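Summary of the model geometry
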Amino acid sequence: MSLSLPAPEAETREVEPHLGERPEAGVPNGPVVQSLRVGFRVLQLGTLLLFVAWATGNMRELQPGTQAVVLRFGRIVRAQAAGLVLAWPQPVEKVVRLPSGERQMQLSIVPSVAPSTGGEVSNQAFLTSPLEGDAAPADAAAYLTGDGGVVLIEAAVTWRISDPEAYTLASAHVLPALRRVFLDAAATETAGRRLDDFLAVRPEDEGDLALEASRAALRGALADRMNRSLAVLARAGAGLGVSVTRVDVTALLPPVAKASFDSVLEAAQRADEGLAAARTDAARTQQQADRTRDRTLDDAHAAAAERVEAARSRTATILALEAKMDPQSRPALLDQLYRDRIAGVLRAAGRVSTVPLDGERVILSGAQP
């Protein structure tokens, strides 16, 4: 027995056309096609956004304190200060950001441990010391001075970008070139100066204003010499695009020589102490001599004054007699004075005997009663 079912009637669905599209006869318009169509449109939109981002990739704002150099296919076309930079997208143009010319950058000079020519000497023999705990800084370089000494120089070079285009071309070589320029300037300056021009190693030179001014001028001399060398490189077509604004220098003695200088300094200090003690003793002795001299002079003046007064008192009577003496009264006054004086003499003698002799009188001492 078989059942026969009526054939289903063909379902009829109307597919609504996509917004903005008109259905075309014979073109499939199913869900898959619509999904592909939506994905393709999203891909178009993403491609458009990527193109816009690529086209505006080199349009950027430079903050204060920065500048930029624009390169077109590797060739520098212009330099621009802070502000909005408009440039073609890469790889057509490339924007290189740099610090502005007002920003100061610092380079610490790292010494070379290998033997070198010129004024810079090998640090291996000077940066170590047989004394434990007595070693030079790792960033100090040894140089020969004009008087045959050795000085360790620890330096920091402060520089800025003066020519951004030249700096961009030589950016990979700026720091090594600056170091070599400093080493050349330091070797030249140290060769023309004495050890005392870098640091005080002699106590007798302490407080010398000329030496202190020379040590203060060393930093400026190094900066000027470095700038002159950089100008020579620029004229030769190999400029670095930088200029040196300051060189900070710290001069030290080599550890192997520091002990000797310390011994000399201690000996000089002991000599100064002995000299000061001797000067103090000499000043004390001088003061005592001055006091003794003053006391002796005062005593002599007082004794002389007493003797003068005594002489005056003894001669006062005679002077008084002389003042009122005249030729007529002279014998009588002298006779009176004789009697006054002879009475005291006779009283002191106690007993006397008088013997007339040719009209003269002689006074002889008599025996004690």
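Described in the following lines is the structure provided in the data block. Keep in mind that what you see is a predicted model, and the values were worked out from it rather than measured. Positions within a chain are numbered from 1, following the residues in the order the chain's sequence is written. Totals for whole chains, interfaces and linings use all residues, but because this is a predicted model, local features are given only for residues with pLDDT of at least 70 and pairs of side-chain atoms are given and counted only at 80 or more. Processing note: side-chain calculations cover all non-hydrogen atoms of the structure and skip hydrogens and water entirely.

**Notes on the sheet that holds strand β3 (residues 75-80)**
Spatial ordering of the open sheet is given by β3-β2-β5, a layout of three strands whose pairing is antiparallel. One side of each edge strand has no neighbouring strand; the edge strands of this open sheet are β3 and β5 (93-99). Within this sheet the neighbouring strands show an average axis-to-axis angle of 25°, counted without direction. Any two strands with at least two DSSP bridges between them are considered paired. By the criteria applied, helices consist of DSSP H or I runs no shorter than four residues and strands consist of E runs no shorter than two, each listed in order from the N terminus. To obtain an axis, a line is fitted to C-alpha atoms, over the contacting stretch when the element is a helix, and the angle between two such axes runs from 0 to 180 degrees between their N-to-C directions.

**Some thoughts on helix α3 (residues 174-191)**
Along its 18 residues, α3 runs 26 Å from first to last C-alpha, staying within 8% of the 26 Å computed at 1.5 Å per residue. Residues V174, A177, L178, R179, V181, F182, L183, A185, A186, A187, E189 and T190 constitute the buried set of α3. The span you would expect from a helix comes to 1.5 Å times its residue count less one. Between buried and exposed lies partly exposed: a residue is buried under 20% and exposed over 50% of the maximum accessible area for its type, with that area taken using a 1.4 Å probe on protein chains only.

**Observations regarding a nonpolar patch on the surface**
Two distance rules govern patches: like charges are joined within 9 Å, and nonpolar side chains (Val, Leu, Ile, Met, Phe, Trp, Tyr) within 5 Å, applied only to residues with over 30% relative accessible area and no salt bridge. Note on areas: Shrake-Rupley with a 1.4 Å probe; residue coverage comes only from the protein chains shown. We define a salt bridge as a contact between a side-chain nitrogen of Lys or Arg and a carboxyl oxygen of Asp or Glu at a distance within 4 Å. Where nonpolar side chains cluster on the molecular surface, the patch consists of L45, L48, L49, F51, V52 and W54 and spans about 620 Å² of accessible area. Position of L49 relative to the elements: it lies in helix α1 (residues 31-55).

**Some details on helix α4 (residues 209-235)**
For α4, spanning 27 residues, the distance from its first C-alpha to its last is 39 Å, which sits close to the expected 39 Å at 1.5 Å a residue. Residues of α4 that are buried: L211, S214, R215, L218, A221, L222, A223, M226 and L230. Here a residue-residue contact requires only that any non-hydrogen atoms of the pair lie within 4.5 Å. Where the residues of α4 are buried, they touch β8 (150-161), α3 and β9 (242-252). Trailing α4 by a residue or two, G237 shows a phi angle of about 85°, which is positive.

**Remarks on the pattern of salt bridges**
Scanning all chains against the criterion turns up six salt bridges. With its nearest N and O atoms 2.8 Å apart, the salt bridge here joins E189 to R225. Here the residue E189 occupies a position in helix α3, and R225 occupies one in helix α4, the gap between them amounting to 36 residues. Note on R225: relative accessible area 24%, which makes it partly exposed. Residue D294 pairs with R293 through a salt bridge whose shortest N-O separation is 3.4 Å.

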